[in-house]
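Descriptive analysis of the structure
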Amino acid sequence: MARKKIIAGNWKMNMTPSEAVELINTLKPLVATEKADVVFCVPAIDIIPAMEAAKGSNIQIGAENMYFEEKGAYTGEISPAMLTDVGVKYVIIGHSERREYFAETDETVNKKVLKAFEHGITPIVCCGETLTQREQGVTIDFIRQQIKIAFLNVTADQAKTAVIAYEPIWAIGTGKTATSDQAQEVCSAIRACIREIYDEATAEAIRIQYGGSVNASTAAELFAKPDIDGGLVGGAALKPDFGKIVNY
C-alpha cells in the first residue's frame, strides 16, 4: 500500500493568535487536497483559534511540543490531555531547537513519544545531524542512535502510525537544503533502522518526512524519492508558498 504523503508546517515561535487565524484563512483554499495529510503545528496559544479557523477544511492542527507527565507542578508546560481535549492529533517531539536550546535529550524524547501514543496523539519525531557530524562521516550512526532511543518500548503497532522527520540541523533556516539524494540516503537508512527494530510491515507503514529549508522549488524533487513521505516545513509554512509545497 502506498504511504499517504504528510506535509506539516512547523510555525516555531511565530504568529499571534489573530495572525494565525488570518494565515489559516489565506492558506485554506491553497492547501485543499485529499492526496496528502496537511498539518499545521502551531504555538500552544494559537491552537484553539487555529482549530476554529481550520474547521471544515482539510487542515489538521498539531502542537510543537508537550510534556511527558499527565499533570502537576511543571510550570509553563502543556500536558497531553490538554492537547487531546481540544482535538490535537499531532505533536512535534524532539525538534533540534528543543534539543539545543531547552536541553531535551534522546531519553526525554522517548518519554514524550511514549506519552503521546498513550493518549492517541501521533508524534512527529525529529532527528538530524550537525554539519560537524556530517563532515566526520557519522550521520547515519548518530541518527540510528536517535531513532533507537526515541522508539524504545514503542510497539510495532504504535510505530506504524508514527511520523519521523529527518532534518539535517545544518539545513534548518540556513537556506541550505540537503540534495534530494542526501535526503533520500538518510531517510532510507531510517527506514532500514525501523525494519531492524520491528519488521518489514512496520518499516513500510511508517512515514518519514524531510525538513530543512524545504520550499516550493525543492519540494517536488524531494518528495519524489521513494523513502521521503512529505516534509516538515519551517519558514515556507508561514507564506502562501506553502500551498505550492502541498500541491507539488
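Quick summary incoming for the structure in this document. The model shown is predicted, which means the values in this text are computed figures rather than measured ones. (Residues numbered from 1 in each chain as written. Predicted model: local features only at pLDDT ≥ 70, side-chain atom pairs only at ≥ 80, totals over all residues. Heavy atoms only, no water.)

Along its 18 residues, helix α9 (residues 180-197) runs 26 Å from first to last C-alpha, staying within 8% of the 26 Å computed at 1.5 Å per residue. Looking at α9, one finds that the buried residues are Ser180, Ala183, Gln184, Val186, Cys187, Ala189, Ile190, Arg191, Cys193 and Ile194. (Helix = DSSP H or I, 4+ residues; strand = E, 2+ residues; numbered from the N terminus. Expected span 1.5 Å × (residues − 1). Buried < 20%, exposed > 50% of the residue type's maximum accessible area, 1.4 Å probe, protein only.)

Turning our eyes to something else, we now look at the packing of helix α7 (residues 139-150) against α9. Two elements in contact, α7 and α9, have axes whose closest approach is 10 Å; the angle formed by their N-to-C orientations is 45°. It follows that α7 is oblique to α9 by the angle criterion. Considering the relative orientation of α7 and α9, their crossing is right-handed. Together, Thr139, Ile140, Ile143, Arg144, Ile147 and Lys148 of α7 and Glu185, Val186, Ala189, Ile190, Cys193, Ile194, Glu196 and Ile197 of α9 make up the contact between the two elements. Within the contact of α7 with α9, the residues separate by chemical class into nine nonpolar, one polar and four charged. (Axes fitted to C-alpha atoms, helices over the stretch in contact; angles between N-to-C directions. Parallel < 35°, antiparallel > 145°, perpendicular 65-115°, else oblique. Left-handed = near helix turned anticlockwise from the far one by under 90°. Contact = heavy atoms within 4.5 Å. Nonpolar A, V, L, I, M, F, W, Y, C, P; charged D, E, K, R; others polar.)

With that out of the way, let us pick up helix α2 (residues 47-54). Turning to α2, its buried residues are Ile47, Ala50, Met51, Ala53 and Ala54. The buried residues of α2 occupy an angular sector of 165° when the element is viewed end-on, so they sit on one face. Looking at the buried positions of α2, the neighbouring elements they touch are α1 (17-27), β2 (36-42), β3 (59-63) and α3 (80-85). Positive backbone phi, at 80°, marks glycine 56, one or two positions downstream of α2. (Arc of directions from axis to C-beta.)

The element strand β7 (residues 207-211) is largely enclosed, with a buried count of five among its five residues. The two faces of β7 match: Arg207, Gln209 and Gly211 on one face and Ile208 and Tyr210 on the other face are all buried. Sheet topology places strand β6 (residues 163-166) next to β7; four bridges connect them, and they run parallel. Looking across to β7, one finds that tyrosine 166 is bridged to tyrosine 210. One ladder, built from two bridges, connects β7 with strand β8 (residues 230-233); its direction is parallel. Residue pairing for β8: glycine 211 is matched across the bridge by leucine 232. (Pairing = 2+ DSSP bridges.)

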